[in-house]
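Okay, here's what each chain looks like letter by letter:
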Amino acid sequence: KEFVDKWNGFVFEMPSKQVTVKAESDYEGFITSRCLETSAVDRILYNFINNASRFAKSEEVKFTVLPIGDELTRWVVENRVTDDQKKWLKENVGAELKPIFLGGITRGGNGQGLLNCTNFVATSFGIDAEDAVNDGYIGATVKRNTYYAWFHWPIYEEKDGDEVCDCGDH
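Let me begin by describing the structure that accompanies this report. (Residues numbered from 1 in each chain as written. Predicted model: local features only at pLDDT ≥ 70, side-chain atom pairs only at ≥ 80, totals over all residues. Heavy atoms only, no water.)

1. Focus: the overall build of the chain
Scanning the chain from N- to C-terminus turns up five helices and six strands. Taking all 170 residues of the chain together, the buried fraction comes to 36%. Restricting the contact set of the chain to residue pairs at least 6 apart, pairs at least 24 apart contribute 64%. Surface summary for the chain: the accessible area is close to 9,900 Å², and the carbon and sulfur share equals 46%. (Helix = DSSP H or I, 4+ residues; strand = E, 2+ residues; numbered from the N terminus. Buried < 20%, exposed > 50% of the residue type's maximum accessible area, 1.4 Å probe, protein only. Contact = heavy atoms within 4.5 Å. Areas by Shrake-Rupley, 256 points an atom, 1.4 Å probe, with all protein chains shown as cover.)

Right, dumping it as structure tokens:
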């Protein structure tokens with residue numbers, strides 16, 4: 001809920017436009033137990049939402065959290081794209097879009113942001129980056145004129161004996 005509350009209504013001030021984030025969640029529960037995990041999810045969202053805002057055809061980006069079974073959540077950021085952006089993706093990335101999550105491909109950035117996101121997701125599942133992309137833990141697609149980027153994150157279930165993170169108390 002905190003992630004959704006933080007991002008819902010957030011406005012990215014771009015040089016030529018303002019883009020507002022509309023966030024919602026169908027999941028109620030815990031995602032993380034540690035500040036570092038919370039920071040990792042926040043960083044992924046920032047990268048996804050920033051990219052969506054930069055390339056959004058409209059002045060809105062949508063962000064949704066969905067439960068997937070009892071162990072996973074799916075985080076989806078979507079934005080309408082221009083024909084130019086669709087063409088660039090097809091020519092520079094390919095139909096599956098997997099390469100953008102493995103580093104080195106960029107349109108005005110450094111090509112590392114989405115790779116960092118991939119590494120966070122992979123680490124959360126104890127797998128390597130290529131497996132995270134190939135197995136769909138993180139990815140993107142364009143359907144009609146909408147770009148959808150997603151990542152999965154494990155649900156945190158508190159267990160007896162779990163230590164509560166106190167890093168915010170210092």
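2. Looking at the pattern of salt bridges
Working definition: two side chains of opposite charge can pair if their charged atoms are close together. Applying the stated criterion across every chain, the model contains four salt bridges. Of the charged contacts, one joins R107 and D84 as a salt bridge, the two residues approaching to 2.7 Å between their closest N and O atoms. Taken together, the positions of R107 in the loop between α3 (83-92) and α4 (113-125) and D84 in helix α3 put the pair 23 residues apart, joining distant regions of the chain. (Salt bridge = Lys/Arg side-chain N within 4 Å of Asp/Glu carboxyl O.)

3. Focus: a negative patch on the surface
On the surface, D128, E130, D131 and D135 cluster together to form a negatively charged patch. Mapped onto the elements, D128 comes out in the loop between α4 and α5 (129-134). (Patch = residues over 30% accessible without salt bridge, like charges linked within 9 Å, V, L, I, M, F, W, Y side chains within 5 Å. Lys, Arg positive; Asp, Glu negative; His and termini not counted. Charge placed at Lys NZ, Arg CZ, Asp CG, Glu CD.)

4. Overview of the environment of K86
By the secondary structure assignment, K86 is in helix α3. Once the C-alpha coordinates of K86 and R144 are considered, the two residues, 58 residues apart in sequence, prove to be 9.5 Å apart.

5. Let's talk about the nonpolar core
With 43 residues, the main nonpolar core has F48, F63, W75 and F151 as its most contacted residues. A per-element tally of this core places helix α2 (residues 35-55) first, with seven residues. With sequence-adjacent residues up to four places away left out, F63 is seen in contact with F3, V4, W7, V21, K22, A23, E24, L45, I49, W75, V76 and V77. (Core = buried A, V, L, I, M, F, W, Y, C linked by side-chain atoms within 4.5 Å.)

6. Let's talk about the sheet that holds strand β1 (residues 11-13)
Reading across the sheet, the six strands line up as β1-β2-β3-β4-β6-β5 and stay open at both edges, with mixed pairing between neighbours. For this open sheet the edge positions go to β1 and β5 (138-143), each flanked by a neighbour on one side alone. Across the sheet, the mean angle separating the axes of adjacent strands is 20° when strand polarity is ignored. As judged from the three bridges shared by β1 and strand β2 (residues 18-25), these two strands associate in the antiparallel manner. Residue E13 lies in a different strand from β2, and its bridge partner there is Q18. (Pairing = 2+ DSSP bridges. Axes fitted to C-alpha atoms, helices over the stretch in contact; angles between N-to-C directions.)

7. So, the side chain of T146
Positionally, T146 belongs in strand β6 (residues 146-154). Here T146 falls in the buried class, since its relative accessible area comes to 11%. If we skip the residues at most four places from it in the chain, T146 touches E78, N79, R80, V81 and T141.

8. Considering the side chain of S53
Mapping S53 onto the fold places it in helix α2. A relative accessible area of 0% means that S53 is categorised as buried. Aside from chain neighbours lying at most four places away, what touches S53 is F12, M14, K17, V19 and V61.

9. Remarks on the packing of aromatic side chains
Across all of its chains, the model carries ten aromatic pairs by this definition. Consider the rings of W7 and F10, whose centres lie 5.3 Å apart with planes at 65°: the pair is edge-to-face. Taking the relative accessible area as the measure of exposure, F10 reaches 37% and is therefore partly exposed. When the ring of F48 is compared with that of F151, the centres are 5.6 Å apart and the planes differ by 85°; the resulting orientation is edge-to-face. (Phe/Tyr/Trp six-rings, centres within 6.5 Å; stacked < 30°, edge-to-face > 60°.)

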